[in-house]
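Coordinate inspection notes
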Amino acid sequence: MKIFTKLHQIVVEKKFLHVGIYCKINQQNAFFLLDTGASRSVIDNSKLTYFHLEYLPIKEDEKVLGIGTTPLEISLAQAKSFSIEDCELKNIVFVTLDLSHINNQLITMELQPIDGIMGNDFLMSTKAIINYRKLMLELTITPRILRTLSQL
């Protein structure tokens, strides 16, 4: 199944363009930034209650490395339902991190805050094609991909 969804521009200081998508997590509206440099998809840990996410156990030594040099302690959360357009995906796993530093900066610039970051785990698994000229995102969803996404 192919899914097409509109990308929404986030223009910072008239020079830098980021794109995001509107989606739903457990039937609640969400806005995610697409980040091809992020290895994992992330949800803001301040939104866990709002989205009714379920914490998952993690390995004691599991960490994620960002652009900085210090690995971050992480938590995992699972969404029973994650929807883009008319496609509903089940049991999608997200890393939870504090995104307040990003959202504070976006709010200061009078831009929409984000609920999460769509990383390469999701983008590569769905064979995402980002068309910046048309501002469209194309995803391919197959039964194998659905199994993979619930095990990330």
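Report follows, based on the coordinates. (Residues numbered from 1 in each chain as written. Predicted model: local features only at pLDDT ≥ 70, side-chain atom pairs only at ≥ 80, totals over all residues. Heavy atoms only, no water.)

**Description of a nonpolar patch on the surface**
A cluster of nonpolar side chains, namely Val11, Leu17 and Tyr132, defines an oily patch on the protein surface of about 270 Å² accessible area. Mapped onto the fold, Leu17 is located in strand S3 (residues 16-25). On the basis of relative accessible area, Leu17 is assigned to the partly exposed category, the value being 41%. (Patch = residues over 30% accessible without salt bridge, like charges linked within 9 Å, V, L, I, M, F, W, Y side chains within 5 Å. Areas by Shrake-Rupley, 256 points an atom, 1.4 Å probe, with all protein chains shown as cover. Salt bridge = Lys/Arg side-chain N within 4 Å of Asp/Glu carboxyl O. Helix = DSSP H or I, 4+ residues; strand = E, 2+ residues; numbered from the N terminus. Buried < 20%, exposed > 50% of the residue type's maximum accessible area, 1.4 Å probe, protein only.)

**Looking at the sheet that holds strand S12 (residues 129-131)**
One open sheet accounts for three strands, arranged S1-S13-S12; its pairing is antiparallel. Both edges of this open sheet fall to strand S1 (2-6) and S12, since each of them pairs with a single strand only. Each strand axis lies, on average, 15 degrees off the axis of its neighbour in the sheet, ignoring direction. Across three bridges, the pairing between S12 and strand S13 (residues 136-140) is antiparallel. Counted as the bridge partner of Asn131 is Met136 from S13. (Pairing = 2+ DSSP bridges. Axes fitted to C-alpha atoms, helices over the stretch in contact; angles between N-to-C directions.)

**Re the pattern of salt bridges**
The full count for this structure, using the stated rule, is five salt bridges. Residue Lys2 pairs with Glu138 through a salt bridge whose shortest N-O separation is 3.2 Å. Of this pair, Lys2 sits in strand S1 while Glu138 sits in strand S13, and the two are 136 residues apart along the sequence. Exposure remark for Glu138: the relative accessible area of 18% places this residue in the buried category. Notably, a salt bridge pairs Asp115 with Lys47, separated by 3.0 Å at the nearest N-O pair. Separated by 68 residues along the polypeptide, Asp115 in the loop between helix H1 (100-108) and strand S11 (116-118) and Lys47 in the loop between strand S5 (42-44) and strand S6 (54-56) bring together distant segments of the chain. Lys47 sits in the partly exposed class, given a relative accessible area of 25%.

From the geometry alone we can't say anything about function, so treat these as descriptive.
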